[in-house]
Amino acid sequence: MRIIAATKNAGKIREFEKIFSGLGFEIISQAEAGIDVDVEEIGDTFAKNALIKARAVAMLSDEYVLADDSGLCVDALDGRPGVRSARYAGEGASDSEKIAKLLGELEGETNRKAKFVANIAFIFPDGRELITQGEVYGRILDKPRGENGFGYDPVFYSDELEKTFAEASSDEKNRVSHRGRALAALYDMIK
Ligand code: ITT
């Protein structure tokens, strides 16, 4: 079964491919499927934005479509950057600029608790929709550690792995991550 991943984020696509390989699903990106859409993520929840992205691609295709909306919620920032995690340091900012802004905001803060949240929307060719959620808990370090992953991974210390997501292998991260958990829940529903 072939699934179009409605995302432009190369880090997410790598994780989808890894998780679904071996399960009998082939993941292709919207670019590989020849679909070029730019959607405005105007929703105030991860679920709404995941559906906005999945529906935009599903309207232009008759295949299975999956979209992920995710982000980092920091306790001391009342859940920010949350749904604004991608645009937190401005449109087009690099991962290191986002991390620098986050560490700046948290300077001197002792409560470093945070979680990653992912909502995955899945649309069948006949229009049926599913939505799942995954979460993972950890802490924001005061400086980056590790080279793997993407986004905020170098400063997110996973309580379960006892290392940052950027120090973890992709298999380790996928086993406990918000995205890995949301995809596992989705797999249970569709298999
Ligand atoms: P698409 O909308 O095209 O899928 P995006 O990067 O804009 O790509 P989101 O709107 O869902 O995706 O933003 C999520 C942001 O949250 C992402 O850009 C990262 O900065 C951060 N993020 C989400 N999951 C992450 C992870 O596993 N590791 C590190 N950072 C993550």
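*Asks:* Please clarify how the nonpolar core should be interpreted in this entry.
*Replies:* Side chains of nonpolar character tend, in soluble globular proteins, to be buried together. L72, V74, L102, I140, Y152 and F156 are the most contacted members of the largest nonpolar core, which totals 19 residues. If near-sequence neighbours (up to four positions away) are discounted, L72 is found in contact with G79, R80, P81, G82, S85, L102, A114, K115, F116, I140, Y152 and F156. Core analysis: the second largest hydrophobic core is formed by 17 residues, A5, I120, L130 and I190 among them.

*Asks:* It is not clear to me how the sheet that holds strand 4 (residues 113-123) should be interpreted in this structure. Could you clarify?
*Replies:* Sheet strands associate in pairs through backbone hydrogen bonding, adopting either a parallel or an antiparallel arrangement. One open sheet holds the seven strands; their spatial order is 2-1-3-4-5-6-7, and the pairing between them is mixed. Edge strands, defined here as strands with exactly one partner in the open sheet, are strand 2 (26-29) and strand 7 (163-164). Alignment of strand 6 (residues 156-158) against strand 7, held across two bridges, turns out to be antiparallel. In the sheet register, Y157 faces strand 7, and the bridge partner there is T164.

*Asks:* So what exactly am I meant to see when it comes to the environment of T164 here?
*Replies:* The residue T164 is located in strand 7 in this model. Classification of T164 by relative accessible area gives buried; the value is 0%. It is 22 Å that separates the C-alpha atoms of T164 and D78, two residues lying 86 residues apart in sequence. Beyond its immediate sequence surroundings of up to four residues, T164 is in contact with L141, R145, D153, P154, F156, Y157 and S158.

Rules used throughout
- Residues numbered from 1 in each chain as written.
- Predicted model: local features only at pLDDT ≥ 70, side-chain atom pairs only at ≥ 80, totals over all residues.
- Heavy atoms only, no water.
- Core = buried A, V, L, I, M, F, W, Y, C linked by side-chain atoms within 4.5 Å.
- Buried < 20%, exposed > 50% of the residue type's maximum accessible area, 1.4 Å probe, protein only.
- Contact = heavy atoms within 4.5 Å.
- Pairing = 2+ DSSP bridges.
- Helix = DSSP H or I, 4+ residues; strand = E, 2+ residues; numbered from the N terminus.

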